[in-house]
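Below, each chain spelled out in residue letters.
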Amino acid sequence: MDAILQVEQLVPLWLRFAAGFVVLIGGAEFLVRGASRLAAGFGIKPLVIGLTVVSFGTSAPELAVSVGSSLTGNSDVAVGNIVGSNVMNILLVLGLAALVAPLVVRDQLVRLDVPLLIVVSFLVWIMAADGIVSHVEGFILFGGLIAYLLVVFQTVRKGGKAAAVPTDDDVVDAKPVWWRDVGLVFAGLVGLTIGARWLVDGAVAAAEAMNVSQLVIGLTIVAIGTSLPEIATSVLASIRGERDLAVGNVVGSNLFNLLCVLGLTAALPPEGVPVSTAAINFDLPVMCAVAVLCFPIFFTKGRISRGEGLLMLGYFAAYMAYLLLDATGHEAVTPLSWVMLAFVVPLTVIGLTGAAVLSFRERLQRRERLMELREARAGSAS
């Protein structure tokens, strides 16, 4: 490991930054290819693979950055990385993936995973309200991760295995080899981690040279850098048609960030992890609002359309604009926040809520028609 770090130090930051993109895309290709083969070979739903193996793997950079920052006393980078990554995973990653192709949303996400994400997001905000996520609260969050995994795998066991659907790779190789696919997943995770780190190194060095604060670096550059594995994986999964993998990766990564990354970040130091006033008053509420935004978007017609993807990207642009204007003390911060809070956000909430209500009514009507059809068939049979 020391030899690798010594070699990295000899490589210029700009070259590492450029090479990081290549390594990142290659890692995403290996990860998606291996994960989709494993799902098909073992008859496991791609959604479950996305919620567990892929999402936990792509969140490895957040875990490394946040725990390392917490142990070295850079708590603002640690918290900003987690909160910023969760915001960007939904607004940027899902927005880009949906722009490539409309994403399918399974009922399990609407019934279990998204409501849980909303609850955990607000729970973290409540825990941080006193200015610190304590040592004990960190263990509580990590315990929640174990409980979540048990529920997911229990659901898989009760539901049985999904039918193995051949992928393009399976057509070429009719006898998938599990050790090869596990090797692809592992190689993909390593590539994603190294590529993200190289990108972050160059970006953080540039930001520090411009005297940007630790919280802003954590919320923007580091958060984007550590979210690059999710971006690469979800967008590539969407291109390859593995849309369950794309959506499950984002939701699972956000749960992993809060329950595992923040849990361990707070649990390892005896004093817990401090949370700045700026994060409590703005960034954590934004993270909760974005989690709530998922529910009506995911609920409407069981898909995320390209239009909804554009909406997410628009909010991402507004969020980044606010952070950058606030960091530079620009006078446009107040008008921007007023416009977002007074007009854009309420209109979006009203529109999405109306769409969700209409979608719910359509589902009820379809169920009623199915019941009537079944009763008619039963009557004709008797």
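Rules used throughout
Positions within a chain are numbered from 1, following the residues in the order the chain's sequence is written. Local features in a predicted model are, by the rule used here, given only for residues with pLDDT of at least 70; side-chain atom pairs are given and counted only at 80 or more, and totals for whole chains, interfaces and linings are based on all residues. Note: side-chain values were computed over all heavy atoms of the structure, leaving out hydrogens and water. Helix and strand assignments follow DSSP, with helices taken as H or I runs no shorter than four residues and strands as E runs no shorter than two, numbered in order from the N terminus. Classification of residues uses two cut-offs on accessible area relative to the type maximum, computed with a 1.4 Å probe and protein chains only: under 20% is buried, over 50% is exposed, and between them is partly exposed. Whether two residues touch is decided by their heavy atoms; if any such pair falls within 4.5 Å, the residues are in contact. Each aromatic pair joins two rings of Phe, Tyr and Trp (for Trp, the six-membered one) with centres within 6.5 Å, and gets the label stacked for planes under 30 degrees apart, edge-to-face for over 60, and tilted for any other angle. Cavity and pocket criteria rest on a 1 Å grid covering protein atoms alone: a 1.4 Å probe that fits but cannot get out defines a cavity, protein on both sides within 12 Å along at least 5 of 7 lines defines an open pocket, and an atom within 4 Å of a point defines a lining residue. Grid points are joined across faces, edges and corners, and a volume is the space filled by probe spheres set on the points. Put simply, a nonpolar core is a bunch of buried Ala, Val, Leu, Ile, Met, Phe, Trp, Tyr and Cys residues held in one set by side-chain atoms that sit within 4.5 Å of each other. How far a helix is expected to stretch is found by multiplying one less than its residue total by 1.5 Å. Bend at a given residue is defined as the angle between two axes, one fitted to the seven residues that end at that position and one fitted to the seven that begin there. Here a polar contact is taken to be a pair of N or O atoms separated by no more than 3.5 Å, where protein atoms must pair a possible hydrogen donor with a possible acceptor and residues adjacent in sequence count only if both atoms sit in side chains. Structural elements are reduced to axes, namely lines fitted to C-alpha atoms, with helices fitted over the stretch in contact, and the angle between N-to-C directions of any two is expressed from 0 to 180 degrees. Note on terminology: angles under 35 degrees are roughly parallel, angles over 145 are roughly antiparallel, angles of 65 to 115 are roughly perpendicular, and the others are oblique. Under this grouping Gly is polar, as are all residues other than the nonpolar Ala, Val, Leu, Ile, Met, Phe, Trp, Tyr, Cys and Pro and the charged Asp, Glu, Lys and Arg. Crossings are classed by handedness, with left-handed meaning an anticlockwise turn of the near helix from the far one by less than a right angle and right-handed meaning a clockwise turn. Every residue gets a pLDDT, meaning the predictor's confidence in that residue, from 0 to 100.

1. With respect to the overall build of the chain
A count of helices and strands for the chain gives 14 helices and four strands. Counting over 382 residues, the chain shows a buried share of 49%. Pairs at least 24 apart in sequence give 85% of the contacts found in the chain among residues at least 6 apart.

2. Side note on the packing of aromatic side chains
A complete count under the given rule lists three aromatic pairs for this structure. Pairing F122 with W125 gives two aromatic rings, centres 6.1 Å apart and planes at 40 degrees, and the pair type is tilted. Separated by three residues within a single helix, F122 and W125 lie in helix α6 (residues 107-128), roughly one turn from each other. Taking relative accessible area as the criterion, F122 reaches 33% and is therefore assigned partly exposed. Judged by relative accessible area, which is 29%, W125 ranks as partly exposed. Connected via pairs of aromatic rings, a cluster forms that spans F282, Y319 and Y322.

3. Focus: empty space enclosed by the protein
Per the counting criterion, the structure on display carries one cavity of 30 Å³ or more. Its boundaries defined by the atoms lining it, the largest cavity holds a volume of some 50 Å³. Lining the largest cavity, in full, are V79, I82, V83, V124, A128, V133, L258, L262, V275, L284 and M287. Going through the elements one at a time, α5 (75-100), α6, α11 (243-267) and α12 (277-299) are the ones with two or more residues in the lining of the largest cavity. Sort the elements by how many residues they give to the lining of the largest cavity and α5 lands first, with three residues.

4. With respect to the nonpolar core
If you look at the biggest cluster of nonpolar residues, it comprises 75 residues, and the most contacted ones within it are L91, F298 and I304. Beyond its immediate chain neighbours, meaning those up to four positions away, F298 contacts L94, V105, L109, V110, V114, V247, V251, R303 and I304.

5. A look at α11
For α11, which comprises 25 residues, the first-to-last C-alpha distance of 35 Å matches the rise-based estimate of 36 Å (1.5 Å per residue) to within 8%. For α11, the principal kink sits at N257 and spans about 35 degrees. Burial within α11 is extensive, with 23 of its 25 residues counted as buried.

6. A short note on the environment of V136
Tracing the sequence through the fold places V136 in helix α7 (residues 135-159). Residue V136 is classed as exposed on the basis of its relative accessible area, which comes to 55%. Along the sequence, V136 and L268 sit 132 residues apart, while their C-alpha atoms lie 10.0 Å from each other.

7. Section: the environment of F298
By secondary structure assignment, the location of F298 is in helix α12. Here the alpha-carbon distance between F298 and L109, two residues 189 residues apart in the chain, equals 8.0 Å.

8. Remarks on the side chain of E137
Residue placement: E137 occurs in helix α7. The exposure class assigned to E137 is buried, which follows from its relative accessible area of 18%. Within polar-contact distance, the side chain of E137 engages the backbone nitrogen of S134 at 2.9 Å. Setting aside its immediate chain neighbours within four residues, E137 contacts M127 and I132.

9. A closer look at the packing of α6 against α12
Interhelical geometry of α6 versus α12 gives an angle of 170 degrees and a closest axis separation of 10 Å. What the angle tells us is that α6 and α12 run roughly antiparallel. Within the contact between the two elements, α6 uses L109, V110, V114, P115, L117, I118, S121, F122, V124, W125 and A128 and α12 uses I280, L284, P285, M287, C288, A291, V292, C294, F295, F298 and F299. Tallied by class, the residues present in the contact of α6 with α12 amount to 21 nonpolar, one polar and no charged.

10. A few points about the packing of α6 against α11
Close contact between α6 and α11 brings their axes to 10 Å; oriented N to C, the two are set at 35 degrees. Relative to α11, α6 is oriented so that their crossing is left-handed. The segment α6 lies against α11, with L109, D113, L116, L117, V120, S121 and V124 engaging V247, V251, N254, L255, L258, L259 and L262.

11. Topic: the confidence of the model for the chain
Looking at the chain, pLDDT values average 74 and 66% of them are 70 or higher. Here helix α8 (residues 168-172) stands out as the least confident element of the chain, with mean pLDDT 41; strand β2 (residues 132-133) is the most confident, with 90. A low-confidence stretch, residues 3-7 stays under pLDDT 50, and its non-local contacts, those more than four residues away or across chains, total zero contacts. Within the model, pLDDT remains below 50 along residues 160-174, and this stretch shows 17 contacts once partners closer than five positions in the same chain are excluded.

12. A word on α12
Each α-helix winds once per 3.6 residues, and so residues spaced three or four apart point in a common direction. Between its first and last C-alpha, α12 extends 34 Å over 23 residues, near the 33 Å set by a 1.5 Å rise per residue. At D283, α12 shows its maximal kink, close to 35 degrees; a proline, P285, follows between one and four residues later.

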